[in-house]
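Okay, here's what each chain looks like letter by letter:
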Amino acid sequence: MTKETAIKLFNEKQIRTHWDDEQEKWYFSIVDVVGVLTESPNPRKYWSVLKTRLKEEGSELATNCSQLKMLSADSKMYKTDVADTEQLFRLIQSIPSPKAEPFKMWLAQVGRERIDEIEDPELATTTEISKEKKPKTFVDNKKIARQGGTIAGNTRREIEEKTGKKVVTSQNARQLDKNKNKELGGN
(Lines give C-alpha, C1' and ligand atoms only; values in the text may rest on other atoms or scores of the structure.)
Protein backbone atom coordinates (compact mmCIF):
# COMPACT_ATOMS: atom_id res chain seq x y z
CA MET A 1 0.00 0.00 0.00
CA THR A 2 1.44 3.36 -0.99
CA LYS A 3 0.88 6.85 0.35
CA GLU A 4 -1.37 7.42 -2.67
CA THR A 5 -3.66 4.52 -1.70
CA ALA A 6 -3.57 4.39 2.05
CA ILE A 7 -5.97 3.30 4.72
CA LYS A 8 -6.58 5.98 7.32
CA LEU A 9 -8.04 5.24 10.71
CA PHE A 10 -10.84 7.14 12.43
CA ASN A 11 -11.61 5.78 15.89
CA GLU A 12 -9.97 2.50 14.85
CA LYS A 13 -12.27 2.17 11.81
CA GLN A 14 -10.68 1.92 8.37
CA ILE A 15 -11.27 4.56 5.71
CA ARG A 16 -9.80 3.82 2.29
CA THR A 17 -8.17 6.88 0.75
CA HIS A 18 -6.39 7.88 -2.41
CA TRP A 19 -4.06 10.86 -2.86
CA ASP A 20 -4.20 12.35 -6.36
CA ASP A 21 -0.84 14.05 -6.99
CA GLU A 22 -2.07 15.81 -10.12
CA GLN A 23 -5.11 17.41 -8.46
CA GLU A 24 -3.38 17.58 -5.07
CA LYS A 25 -6.36 16.27 -3.12
CA TRP A 26 -7.46 13.31 -1.06
CA TYR A 27 -10.32 11.07 -2.11
CA PHE A 28 -12.17 9.02 0.52
CA SER A 29 -14.32 5.92 0.11
CA ILE A 30 -17.88 7.13 0.70
CA VAL A 31 -19.07 3.71 1.88
CA ASP A 32 -16.32 3.65 4.52
CA VAL A 33 -17.26 7.13 5.73
CA VAL A 34 -20.97 6.26 5.81
CA GLY A 35 -20.12 3.13 7.79
CA VAL A 36 -18.18 5.12 10.37
CA LEU A 37 -20.78 7.86 10.74
CA THR A 38 -23.89 5.65 10.81
CA GLU A 39 -22.55 2.39 12.24
CA SER A 40 -25.00 0.82 9.78
CA PRO A 41 -24.66 -2.95 9.31
CA ASN A 42 -24.94 -2.27 5.57
CA PRO A 43 -23.26 1.05 4.70
CA ARG A 44 -23.52 0.31 0.95
CA LYS A 45 -27.31 0.15 1.20
CA TYR A 46 -27.38 3.31 3.37
CA TRP A 47 -25.28 5.15 0.74
CA SER A 48 -27.50 3.88 -2.08
CA VAL A 49 -30.66 5.18 -0.38
CA LEU A 50 -28.97 8.47 0.58
CA LYS A 51 -27.65 8.94 -2.97
CA THR A 52 -31.16 8.49 -4.39
CA ARG A 53 -32.62 10.95 -1.85
CA LEU A 54 -29.91 13.54 -2.61
CA LYS A 55 -30.56 13.27 -6.35
CA GLU A 56 -34.32 13.71 -5.78
CA GLU A 57 -33.61 16.83 -3.72
CA GLY A 58 -31.57 18.24 -6.59
CA SER A 59 -28.21 17.89 -4.88
CA GLU A 60 -25.31 17.52 -7.29
CA LEU A 61 -23.22 15.82 -4.62
CA ALA A 62 -24.19 12.27 -5.61
CA THR A 63 -23.92 13.10 -9.30
CA ASN A 64 -20.45 14.62 -9.00
CA CYS A 65 -18.89 11.76 -7.01
CA SER A 66 -16.15 9.91 -8.83
CA GLN A 67 -15.25 6.25 -8.74
CA LEU A 68 -11.79 4.86 -8.15
CA LYS A 69 -10.56 1.30 -7.88
CA MET A 70 -9.86 0.57 -4.23
CA LEU A 71 -8.81 -2.52 -2.35
CA SER A 72 -11.75 -4.35 -0.78
CA ALA A 73 -11.95 -6.76 2.14
CA ASP A 74 -11.49 -9.71 -0.25
CA SER A 75 -8.14 -8.19 -1.41
CA LYS A 76 -9.50 -7.36 -4.87
CA MET A 77 -9.73 -3.95 -6.50
CA TYR A 78 -13.27 -2.68 -7.14
CA LYS A 79 -14.62 0.64 -8.35
CA THR A 80 -15.79 2.56 -5.31
CA ASP A 81 -17.66 5.84 -4.99
CA VAL A 82 -15.25 8.43 -3.62
CA ALA A 83 -15.49 12.04 -2.54
CA ASP A 84 -12.88 14.74 -2.13
CA THR A 85 -12.69 16.66 1.13
CA GLU A 86 -15.12 19.38 0.05
CA GLN A 87 -17.69 16.85 -1.15
CA LEU A 88 -17.22 14.85 2.04
CA PHE A 89 -18.02 17.86 4.22
CA ARG A 90 -21.30 18.27 2.30
CA LEU A 91 -22.04 14.57 2.64
CA ILE A 92 -21.45 14.65 6.40
CA GLN A 93 -24.12 17.36 6.68
CA SER A 94 -26.62 14.94 5.10
CA ILE A 95 -26.03 12.21 7.68
CA PRO A 96 -27.39 12.73 11.19
CA SER A 97 -24.60 11.45 13.42
CA PRO A 98 -23.03 12.37 16.75
CA LYS A 99 -19.71 11.50 15.11
CA ALA A 100 -20.02 14.26 12.50
CA GLU A 101 -18.01 16.92 14.37
CA PRO A 102 -15.19 14.58 15.47
CA PHE A 103 -15.05 13.28 11.90
CA LYS A 104 -14.74 16.81 10.50
CA MET A 105 -11.83 17.41 12.89
CA TRP A 106 -10.24 14.16 11.73
CA LEU A 107 -10.59 15.25 8.08
CA ALA A 108 -8.90 18.55 8.87
CA GLN A 109 -6.06 16.66 10.57
CA VAL A 110 -5.58 14.38 7.54
CA GLY A 111 -5.34 17.48 5.34
CA ARG A 112 -2.94 19.18 7.74
CA GLU A 113 -0.67 16.13 7.82
CA ARG A 114 -0.43 16.23 4.01
CA ILE A 115 0.46 19.93 4.07
CA ASP A 116 3.11 19.24 6.72
CA GLU A 117 4.56 16.46 4.54
CA ILE A 118 4.80 18.84 1.59
CA GLU A 119 6.42 21.59 3.67
CA ASP A 120 8.79 19.27 5.54
CA PRO A 121 9.57 15.96 3.78
CA GLU A 122 11.83 14.96 6.68
CA LEU A 123 8.78 14.93 9.02
CA ALA A 124 6.78 12.85 6.55
CA THR A 125 9.53 10.33 6.02
CA THR A 126 10.27 10.06 9.74
CA THR A 127 6.59 9.44 10.50
CA GLU A 128 6.41 6.60 7.97
CA ILE A 129 9.57 4.93 9.34
CA SER A 130 8.27 5.33 12.89
CA LYS A 131 4.92 3.72 12.01
CA GLU A 132 6.76 0.78 10.49
CA LYS A 133 9.44 0.26 13.16
CA LYS A 134 7.34 1.22 16.23
CA PRO A 135 10.22 2.58 18.35
CA LYS A 136 9.99 2.03 22.10
CA THR A 137 12.77 4.20 23.50
CA PHE A 138 14.12 7.71 23.03
CA VAL A 139 17.28 6.25 21.46
CA ASP A 140 15.16 4.29 18.95
CA ASN A 141 13.20 7.46 18.09
CA LYS A 142 16.45 9.39 17.66
CA LYS A 143 17.75 6.78 15.18
CA ILE A 144 14.52 6.99 13.17
CA ALA A 145 14.67 10.79 13.13
CA ARG A 146 18.21 10.60 11.74
CA GLN A 147 17.12 8.10 9.07
CA GLY A 148 14.25 10.39 8.03
CA GLY A 149 16.60 13.37 7.90
CA THR A 150 19.09 11.45 5.79
CA ILE A 151 16.43 10.38 3.31
CA ALA A 152 14.99 13.91 3.07
CA GLY A 153 18.48 15.38 2.62
CA ASN A 154 19.33 12.91 -0.14
CA THR A 155 16.00 13.64 -1.84
CA ARG A 156 16.61 17.40 -1.65
CA ARG A 157 20.08 17.01 -3.18
CA GLU A 158 18.71 14.80 -5.96
CA ILE A 159 15.97 17.33 -6.80
CA GLU A 160 18.54 20.14 -6.87
CA GLU A 161 20.80 18.08 -9.12
CA LYS A 162 17.99 17.30 -11.58
CA THR A 163 16.51 20.80 -11.69
CA GLY A 164 19.69 22.82 -11.29
CA LYS A 165 17.89 24.94 -8.67
CA LYS A 166 18.16 25.16 -4.90
CA VAL A 167 15.14 23.77 -3.04
CA VAL A 168 15.84 25.83 0.07
CA THR A 169 16.59 29.48 -0.61
CA SER A 170 16.81 32.44 1.72
CA GLN A 171 13.49 33.64 0.23
CA ASN A 172 11.45 30.51 0.93
CA ALA A 173 13.19 29.99 4.29
CA ARG A 174 12.02 33.46 5.38
CA GLN A 175 8.47 32.62 4.26
CA LEU A 176 8.60 29.36 6.24
CA ASP A 177 9.78 31.26 9.33
CA LYS A 178 6.90 33.72 8.88
CA ASN A 179 4.38 30.86 8.66
CA LYS A 180 5.80 29.17 11.77
CA ASN A 181 5.62 32.46 13.71
CA LYS A 182 1.95 32.88 12.72
CA GLU A 183 1.20 29.32 13.88
CA LEU A 184 2.89 30.07 17.22
CA GLY A 185 0.88 33.26 17.69
CA GLY A 186 3.61 35.70 16.69
CA ASN A 187 3.42 38.37 14.01
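As the structure is a prediction and not an experimental result, all values here were calculated from the model. (Residues numbered from 1 in each chain as written. Predicted model: local features only at pLDDT ≥ 70, side-chain atom pairs only at ≥ 80, totals over all residues. Heavy atoms only, no water.)

Thoughts on the overall build of the chain
Link 1 in the chain: When helices and strands are counted, the chain shows 8 helices and 5 strands.
Link 2 in the chain: Starting at the N terminus and ending at the C terminus, the chain contains elements arranged as β-β-β-α-α-α-β-β-α-α-α-α-α.
Link 3 in the chain: Relative to its 187 residues, the chain shows a buried fraction of 30%.
Link 4 in the chain: Of all intrachain contacts in the chain linking residues separated by at least 6 positions in sequence, the fraction that spans at least 24 positions is 42%.
Link 5 in the chain: Split by element, the accessible area of the chain, about 12,800 Å² in all, is 51% carbon and sulfur. (Helix = DSSP H or I, 4+ residues; strand = E, 2+ residues; numbered from the N terminus. Buried < 20%, exposed > 50% of the residue type's maximum accessible area, 1.4 Å probe, protein only. Contact = heavy atoms within 4.5 Å. Areas by Shrake-Rupley, 256 points an atom, 1.4 Å probe, with all protein chains shown as cover.)

Thoughts on the environment of Thr-63
Link 1 in the chain: With respect to the secondary-structure elements, Thr-63 resides in helix 3 (residues 61–64).
Link 2 in the chain: In this structure Thr-63 comes out as exposed when scored by relative accessible area, which is 54%.
Link 3 in the chain: For the pair Thr-63 and Lys-51, spaced 12 residues apart in the sequence, the C-alpha separation amounts to 8.4 Å.

Quick word on the packing of helix 1 (residues 30–38) against helix 2 (residues 43–56)
Describing two packed helices takes the angle between their axes plus the distance from one axis to the other.
Link 1 in the chain: Running from N to C, helix 1 and helix 2 cross one another at 100°; their axes reach a closest spacing of 8 Å. By the criterion of interaxial angle, the relationship of helix 1 to helix 2 is roughly perpendicular. Taking contact as the criterion, the partners of Ile-30, Val-31, Val-34, Gly-35 and Thr-38 in helix 1 are, on helix 2, Pro-43, Arg-44, Tyr-46 and Trp-47.
Link 2 in the chain: In terms of residue class, the contact of helix 1 with helix 2 is made up of 6 nonpolar, 2 polar and 1 charged. (Axes fitted to C-alpha atoms, helices over the stretch in contact; angles between N-to-C directions. Parallel < 35°, antiparallel > 145°, perpendicular 65-115°, else oblique. Nonpolar A, V, L, I, M, F, W, Y, C, P; charged D, E, K, R; others polar.)

Quick word on the pattern of salt bridges
Link 1 in the chain: Summed over the entire model, instances satisfying the criterion amount to 7 salt bridges.
Link 2 in the chain: With a closest N to O distance of 2.3 Å, Glu-39 and Lys-99 form a salt bridge. Of this pair, Glu-39 sits in the loop between helix 1 and helix 2 while Lys-99 sits in the loop between helix 4 (85–93) and helix 5 (100–119); the two residues are 60 residues apart in sequence, bridging distant segments of the chain.
Link 3 in the chain: The salt bridge involving Glu-101 is made with Lys-104; its shortest N-O contact spans 3.1 Å. A residue pair is termed a helical-turn pair when its members lie 3 or 4 positions apart in one helix, as Glu-101 and Lys-104 do in helix 5 at 3 residues. (Salt bridge = Lys/Arg side-chain N within 4 Å of Asp/Glu carboxyl O.)

Observations concerning the packing of aromatic side chains
Link 1 in the chain: Within this structure, the stated rule accounts for 1 aromatic pair.
Link 2 in the chain: Both rings, one in Trp-19 and one in Trp-26, keep their centres 5.3 Å apart while their planes meet at 65°; by these two values the pair is edge-to-face.
Link 3 in the chain: Judged by its relative accessible area of 6%, Trp-19 falls in the buried class.
Link 4 in the chain: Overall, Trp-26 belongs to the buried group, its relative accessible area being 5%. (Phe/Tyr/Trp six-rings, centres within 6.5 Å; stacked < 30°, edge-to-face > 60°.)

A word on the pairing of strand 2 (residues 13–20)
The side chains of a regular strand alternate between the sheet's two faces.
Link 1 in the chain: Inspection of the sheet shows strand 2 paired to strand 3 (residues 25–29) by 4 bridges, in the antiparallel sense. By the bridge assignment for strand 3, Asp-20 is matched with Lys-25.
Link 2 in the chain: Taken together, strand 2 and the strand that follows it, strand 3, pair antiparallel across an intervening segment of 4 residues, in which Glu-24 is found at a positive phi of about 55°. (Pairing = 2+ DSSP bridges.)

Some points on the pairing of strand 5 (residues 77–84)
Link 1 in the chain: Relative to strand 5, strand 3 runs antiparallel, the two being bridged by 3 bridges. The residue of strand 5 that forms the bridge with Tyr-27 is Asp-84.
Link 2 in the chain: Note: strand 4 (residues 66–71) against strand 5, 6 bridges, orientation antiparallel. Within strand 5, the residue paired with Gln-67 across the bridge is Asp-81.

A short note on helix 7 (residues 138–163)
For an α-helix the count is 3.6 residues per turn, leaving residues at separations of three or four pointing the same way.
Link 1 in the chain: Compared with an ideal rise of 1.5 Å per residue, which puts 26 residues at 38 Å, helix 7 spans 37 Å between its outermost C-alpha atoms and is within 8% of the ideal.
Link 2 in the chain: For helix 7, the full list of buried residues reads Ile-144, Gly-148, Ala-152, Gly-153 and Glu-160.
Link 3 in the chain: Positive backbone phi, approximately 75°, marks Gly-164, located one or two places after helix 7. (Expected span 1.5 Å × (residues − 1).)

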